[in-house]
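Summary of the model geometry
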Amino acid sequence: MVELTRKLKRAAQLISDSEERRVYFGQRQAIRRPLESAWIEVSAVCNLDCITCPRQEGITTEPLKLMPIETYYQVADAIFPYIRNLNLIGLGESLMHPQIDEIIAYAKSKFVGVNMTSNGTIMTDKIAQKLISSGLDSIAFSIDGGKKETFEAIRVNARFDKVQRNIRRLMEAKAAAGVQRPWIALGLVLMKTNVDELAEVVRLCHELGIKTLNAENVFTWTEEMEQTLPLYNGMTAAEEAAIEEANKVARELDINLELPGFVLKDPGPCSYRPQDHFVVTWEGDLRPCCNLFHPYQYVFQGEKKFAHEATMGNLLQEGFKSIWNKPDYAAFRKANETGIGLPEVCQDCLFSRGV
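Residues numbered from 1 in each chain as written. Predicted model: local features only at pLDDT ≥ 70, side-chain atom pairs only at ≥ 80, totals over all residues. Heavy atoms only, no water.

1. What about the overall build of the chain?
Helix and strand counts for the chain come out as 13 helices and 12 strands. Relative to its length of 355 residues, the chain is compact, with a C-alpha radius of gyration of 21 Å against a globular reference of 20 Å. Viewed in the frame of its principal axes, the chain has a C-alpha envelope of about 65 × 50 × 40 Å. A total of 355 residues make up the chain; the buried ones form 51% of that total. Partitioning the contacts of the chain with sequence separation of at least 6, the portion at a separation of at least 24 is 73%. Entry remark: accessible area of the chain is about 16600 Å², with carbon and sulfur atoms responsible for 51%. Taking the average place of the 41 positive charges on the side chains of the chain and the average place of its 47 negative ones, the gap between the two points comes to 8 Å. (Helix = DSSP H or I, 4+ residues; strand = E, 2+ residues; numbered from the N terminus. Rg over C-alpha atoms; globule rule 2.2 N^0.38 Å. Buried < 20%, exposed > 50% of the residue type's maximum accessible area, 1.4 Å probe, protein only. Contact = heavy atoms within 4.5 Å. Areas by Shrake-Rupley, 256 points an atom, 1.4 Å probe, with all protein chains shown as cover. Lys, Arg positive; Asp, Glu negative; His and termini not counted. Charge placed at Lys NZ, Arg CZ, Asp CG, Glu CD.)

So, in structure tokens, the structure goes:
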């Protein structure tokens, strides 16, 4: 009887309130959309020069700019009917886009969840308020070291203390507004030069009141990077001990520490799952994977190679379904879903190698 009464009250509310009705049916339709997410590169512009980023000179061959807001709206209208979540991620810092709040709010108005990553260097009070008021669901800040010297050597032009202050600024703005979102996490690129500080980053999560730390392996663009940075090329006893120590600290502090694998496997199904996700560049080009955002040179197992441009279509010129249904694109997705017939760049990718 109580449940029936609740349902009748809800039905009456939907009948009498047009906005409640719009939200209710919009959310029900949204969860039925076929694809998990798209990554949109609203900014390929960045204020840092991180050593792990393919933005380095000579690595990426394409121009890198801000996505015009008109391009965003056209892309959004083309893909939002098919996706449940939007990740504002590319080769740049999304918070550098002057209309970032409009970008987020438009997606939320279409019942699309919105997540993003940030280097944390430009989180002003004004930007913090924009992220909260626009409805951002989550944000992950990049912290590639537990000490100032290590962090600033990797994330060139960033300041360790300032990034921590900026993260706290957003958390304080959330508390003042009495809201739970955006949910905040930390992320880092884990490698030989910072693995001994992993436990310190876990402790930093605890100090900041952040419950999740996601660690990923480093992709290598040069011979020097491959020879000196990846843990998956073999770890010392000290490096293994550092990871175990971080796990221990995470358990003690109740931090969700997400670690990658550290043993390269034979190529297999892609963990990025291109059958459920895709990316869109600042120019509106739809590409099949976050690791194929832009063409770039890379080094894998001592061999220097080039990942060529992989546009499946441009959303300013073609409809999403016509691009998605192209035979070459369907074949690419099938290969990555099964691990059979992978292109060379996918065979070399960490996402197909279990790390």
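2. Considering the pairing of strand S6 (residues 212-217)
Where strand S5 (residues 183-190) and S6 come together, 5 bridges link them in parallel fashion. Within the sheet, the bridge partner assigned to Gly 187 lies in S6 and is Asn 214. Read as a crossover between parallel neighbours, the route from S5 over helix H8 (residues 198-208) to S6 is right-handed. Pairing of S6 with strand S7 (residues 256-258) involves 3 bridges; the strand directions are parallel. Considered in S7, the bridge of Asn 214 is made with Glu 258. (Pairing = 2+ DSSP bridges. Right-handed = clockwise from strand over helix to strand, strands pointing away.)

3. Some words on the side chain of Ser 94
You can see Ser 94 is positioned in the loop between strand S2 (83-88) and helix H4 (100-109). Ser 94 sits in the buried class, given a relative accessible area of 2%. Of note is the side chain of Ser 94, whose polar atom sits 3.0 Å from the backbone oxygen of Leu 88. Aside from chain neighbours lying at most four places away, what touches Ser 94 is Val 42, Ser 43, Leu 88, Ile 89, Ile 100 and Met 116. (Polar contact = N/O pair within 3.5 Å; in protein donor to acceptor, adjacent residues only side chain to side chain.)

4. What to know about the packing of aromatic side chains
Enumeration according to the criterion identifies 16 aromatic pairs in this entry. For the ring pair Trp 221 and Tyr 296, a centre distance of 5.2 Å and an interplane angle of 80° mean the geometry is edge-to-face. Of this pair, Trp 221 sits in the loop between S6 and helix H9 (223-228) while Tyr 296 sits in strand S10 (residues 296-300), and the two are 75 residues apart along the sequence. Of the two residues, Trp 221 and Tyr 296, neither departs from the other in class, the shared state being buried. With centroids separated by 5.9 Å and ring planes inclined at 55°, the aromatic side chains of Tyr 296 and Tyr 298 adopt a geometry described as tilted. Taken as a pair, Tyr 296 and Tyr 298 share a single burial class, namely buried. Pairwise contacts between aromatic rings join Trp 39, Phe 219, Trp 221, Tyr 272, Tyr 296, Tyr 298 and Phe 351 into one cluster. Here the basic side chain of Arg 333 rests over the ring of Trp 324, its NZ or CZ set 3.8 Å away from the ring centre. Sitting above the plane of the Tyr 329 ring, Arg 333 keeps its charged end 4.6 Å from the centroid. (Phe/Tyr/Trp six-rings, centres within 6.5 Å; stacked < 30°, edge-to-face > 60°. Lys NZ or Arg CZ within 6 Å of the ring centre and 35° of its normal.)

5. Observations regarding the nonpolar core
Among the nonpolar cores identified, the biggest contains 105 residues, and Tyr 72, Ile 79, Phe 80 and Phe 278 are the most heavily contacted of them. Considering every element that reaches this core, the biggest residue donor is H8, with 7 residues. (Core = buried A, V, L, I, M, F, W, Y, C linked by side-chain atoms within 4.5 Å.)

6. Side note on the pattern of salt bridges
Evaluated as defined, the whole model comprises 20 salt bridges. The partner of Glu 36 in a salt bridge is Arg 84, and the shortest N-O contact between them spans 3.0 Å. Taken together, the residues span a long stretch of sequence, with Glu 36 in strand S1 (residues 35-40) and Arg 84 in strand S2 at a distance of 48 residues. Judged by relative accessible area, Glu 36 falls into the partly exposed class, the value being 28%. The exposure class of Arg 84 is partly exposed, given its relative accessible area of 27%. Note that Lys 305 is salt-bridged to Glu 344, the shortest N-O span being 3.0 Å. Remark: Glu 344 occurs in helix H13 (residues 344-347) and Lys 305 occurs in strand S11 (residues 303-307); sequence separation between them is 39 residues. Using a relative accessible area of 16% as the deciding quantity, one classes Lys 305 as buried. With a relative accessible area of 48%, Glu 344 lands in the partly exposed category. Put simply, Glu 62, Asp 285, Arg 287 and Glu 309 are held in one network by salt bridges that share partners. (Salt bridge = Lys/Arg side-chain N within 4 Å of Asp/Glu carboxyl O.)

The values reported here are purely geometric and, on their own, carry no functional implication.
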